[in-house]
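A structural walkthrough
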Amino acid sequence: MKSNIHIVGLSKHCAKTILSVIENAATTEKVHTNQFDVYDDNHEVISCLKAISVYDEGGSKDPSSKDIVDIFITSAPVHCENALNCLNENSWLISDANAFENLINHPEKVDLFKKIKSHDRHIMITAQEIASQQGDDRVCGLVLLGAASKLIPISESSLVKAIYKILLDKKESIIKSNIEAFRKGKKASEEYLNSELN
């Protein structure tokens, strides 16, 4: 078992939180993780992209950036255009449905969403909106992690315990809010997939 996960379009804090949760949860389940760099065509590290491989004893601990991405998580749909090149028919694309229009010549939302929906295995949720409802935009990453949680080869209970563990020094209300954000992301993902089937 091996799963390569790419995370892009999130703040360093959000991406670091997702990676920490996955690593902590994997340790609980005696599954291995390996963070790795991804390179562009000019052999430069893509600094805005974080990558982690989750694998068991039979999996490879030396992922290559040329490997197919199993799960691509982004808070910015504009990054999905590039992601489609490294996905295959079994890969999942998880994106926030809120398109930031702060770029010159930003693609139209309709065009972006058509491209995302052209990939059969996709999930689009309003992650930023859910995070705002939780009272903290920084939990957007945990909302997206919740949306991807069924696809990651780690149990939900281990992921929730890992959230609790990495936030142990915070107020109980903050811990609960972060776990709630994760669960709301999971629920939004399930609702999205159910609506796509109907």
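Residues numbered from 1 in each chain as written. Predicted model: local features only at pLDDT ≥ 70, side-chain atom pairs only at ≥ 80, totals over all residues. Heavy atoms only, no water.

This next bit is on unusual backbone geometry. Its identity as a non-glycine residue notwithstanding, Lys30 has a phi of 55°, on the positive side. Tracing the sequence through the fold places Lys30 in the loop between α1 (12-28) and β2 (32-36). We classify Lys30 as exposed; its relative accessible area is 70%. (Helix = DSSP H or I, 4+ residues; strand = E, 2+ residues; numbered from the N terminus. Buried < 20%, exposed > 50% of the residue type's maximum accessible area, 1.4 Å probe, protein only.)

We now examine the packing of helix α5 (residues 140-148) against helix α7 (residues 172-197). In helix packing, the relevant descriptors are the interaxial angle and the interaxial distance, both defined with respect to the helix axes. Running from N to C, α5 and α7 cross one another at 45°; their axes reach a closest spacing of 6 Å. The angle between α5 and α7 places the two elements in the oblique class. Judged by the sense of rotation from one axis to the other, the crossing of α5 with α7 is right-handed. Judged by residue contacts, Leu142, Val143, Leu145, Gly146 and Ala147 of α5 engage Asn178, Ala181, Phe182, Gly185, Lys186 and Ser189 from α7. (Axes fitted to C-alpha atoms, helices over the stretch in contact; angles between N-to-C directions. Parallel < 35°, antiparallel > 145°, perpendicular 65-115°, else oblique. Left-handed = near helix turned anticlockwise from the far one by under 90°. Contact = heavy atoms within 4.5 Å.)

Mapped onto the secondary structure, Gln134 falls in the loop between α4 (127-133) and α5. For Gln134, a relative accessible area of 17% translates into the label buried. A polar side-chain atom of Gln134 sits 3.0 Å from a polar atom in the side chain of Lys184. In this structure Gln134 touches Val139, Ser177, Glu180, Ala181 and Lys184, once residues within four positions along its chain are discounted. (Polar contact = N/O pair within 3.5 Å; in protein donor to acceptor, adjacent residues only side chain to side chain.)

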